[in-house]
Amino acid sequence: RVSKRGISREEIQRAMIVPIEEVGLRYGIRMKKEGKNLVGLCPLHHEKHPSFYIYLQSNSFYCYGCQKGGDVITFVKLLYGYSFPEAVRWLIREK
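The following refers to the structure shown. Keep in mind that this is a model prediction, so the values were computed, not measured. For every chain, the first residue of the written sequence is number 1, and numbering continues from 1 along that sequence. Residues qualify for local features only when their pLDDT is at least 70, as the model is predicted, and side-chain atom pairs are given and counted only at 80 or more; totals for whole chains, interfaces and linings, by contrast, use all residues. Excluding hydrogens and water, the side-chain values take into account all heavy atoms of the structure.

1. A look at helix α4 (residues 84–94)
Thinking step 1. Note on classification: 1.4 Å probe, protein chains only; a residue is buried when its accessible area is under 20% of the maximum for its type, exposed when over 50%, partly exposed between these limits. In this text, helices come from DSSP runs of H or I with a minimum length of four residues, and strands from runs of E with a minimum of two, each type numbered from the N-terminal end. Where α4 is concerned, the buried positions are F84, P85, A87, V88, W90, L91 and I92.
Thinking step 2. In this description, contact between two residues means that some pair of their heavy atoms is separated by no more than 4.5 Å. Looking at the buried residues of α4, the elements they touch are α1 (9–16), α2 (20–27) and α3 (72–80).

2. Details of the packing of α1 against α4
Thinking step 1. One way to put it is that α1 packs onto α4 with a least axis distance of 8 Å and a crossing angle of 60°. On the basis of their axis angle, the class for α1 and α4 is oblique. The element α1 and its partner α4 pack so that their crossing is left-handed. Taking contact as the criterion, the partners of E11, I12, R14 and A15 in α1 are, on α4, F84, V88, L91 and I92.
Thinking step 2. When residue character is reported, Ala, Val, Leu, Ile, Met, Phe, Trp, Tyr, Cys and Pro are called nonpolar, Asp, Glu, Lys and Arg charged, and the others, Gly included, polar. Grouping the constituent residues of the contact of α1 with α4 by class yields six nonpolar, no polar and two charged. Orientation is described by lines fitted to C-alpha atoms, with helices fitted over the stretch in contact, and by angles between N-to-C directions that extend from 0 to 180 degrees. Just so you know how the angles are binned, under 35 degrees is roughly parallel, over 145 roughly antiparallel, 65 to 115 roughly perpendicular, and the rest oblique. By definition, turning the near helix anticlockwise from the far helix through less than a right angle yields a left-handed crossing, and turning it clockwise yields a right-handed one.

3. Digging into the pairing of strand β1 (residues 31–34)
Thinking step 1. Pairing between strands is defined by DSSP: at least two bridges between the two strands are required. Where β1 meets strand β2 (residues 37–40), four bridges bridge the pair, whose relative direction is antiparallel. Directly across from E34, in β2, lies its bridge partner N37.
Thinking step 2. Turn length for the β1-β2 hairpin, with the two strands adjacent in sequence and antiparallel, is two residues, and the turn residue G35 shows positive phi of about 65°.

Following this line, the structure appears as structure tokens:
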């Protein structure tokens, strides 16, 4: 079944399971392991001290500097300026 955005639920589910850390690494974000999470400089704003976290267990991110966060689809939307359907399609292709 296809939504009004032209994306099926199955496509959204496939996109949501793409590991967010792989997207970050592909984008060139240098991250360090900190407990169960990864931390690095935020790719969404300029900063000198790492405040960007990737939460591996929930496949999500949050930046304590710019207060942006969300799931892997939101991350791709913010990184590349994509619409929701474009981000889903990008994740499915890049997987």
